[in-house]
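# Notes for the structure review
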Amino acid sequence: AEWTGKACPREALGVIAAPRGSMTGTVSLATPDGPRQLDDAVYAIPGDPEECSRLRFASSRARYVVVVEKDTVFTRLLDDRFTRLLPCLLITACGYPSLAVRALVQHVVKALALPCVVLT
């Protein structure tokens, strides 16, 4: 039996990936409760690409977006206080980047007009 239905994007079906990936850095997110500074906090990246593209930034001292592939590298940079040495937004995809992480990186680069560096 051949399926004859129409193609439907997974977002329309409500299929959303679990949160995967994290970010921290010299930015603050605009939230309903007021600005949320990420300097010493790690923000879990939502699994929904549309939710990622709706994030708003209250302020930023970042000069770069730095994306690291591995969570262990992200943790090491965090432990070494890398974002204090180089004001940046540090993002990890925890391995292979999900659609949400890719949407977030694209959104951040456009919204904050920052160059992006990827470490694999």
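Refer to the structure printed above.
Below: a short report on this structure. (Residues numbered from 1 in each chain as written. Predicted model: local features only at pLDDT ≥ 70, side-chain atom pairs only at ≥ 80, totals over all residues. Heavy atoms only, no water.)

## Observations regarding the sheet that holds strand E6 (residues 64–68)
Cut-off, in case you're wondering: DSSP bridges decide pairing: two strands pair if at least two such bridges lie between them. Secondary structure elements are taken from DSSP: a helix is a run of H or I of four residues or more, a strand is a run of E of two residues or more, and numbering for both begins at the N terminus.
Read across the open sheet, the five strands follow the order E4-E1-E7-E6-E8; overall the sheet is mixed. What marks the edges here is a single partner per strand, and that holds for strand E4 (43–44) and strand E8 (116–119). The pairing of E6 with strand E7 (residues 88–92) spans five bridges and is parallel. When the bridges of E7 are listed, Val 65 appears paired with Leu 89.

## Remarks on unusual backbone geometry
At Cys 94, a position not held by glycine, the phi torsion is positive, near 55 degrees. Position of Cys 94 relative to the elements: it lies in the loop between E7 and helix H4 (99–112). With a phi close to 50 degrees, Ala 113 is a non-glycine residue in the positive phi region. Relative to the helices and strands, Ala 113 is located in the loop between H4 and E8.

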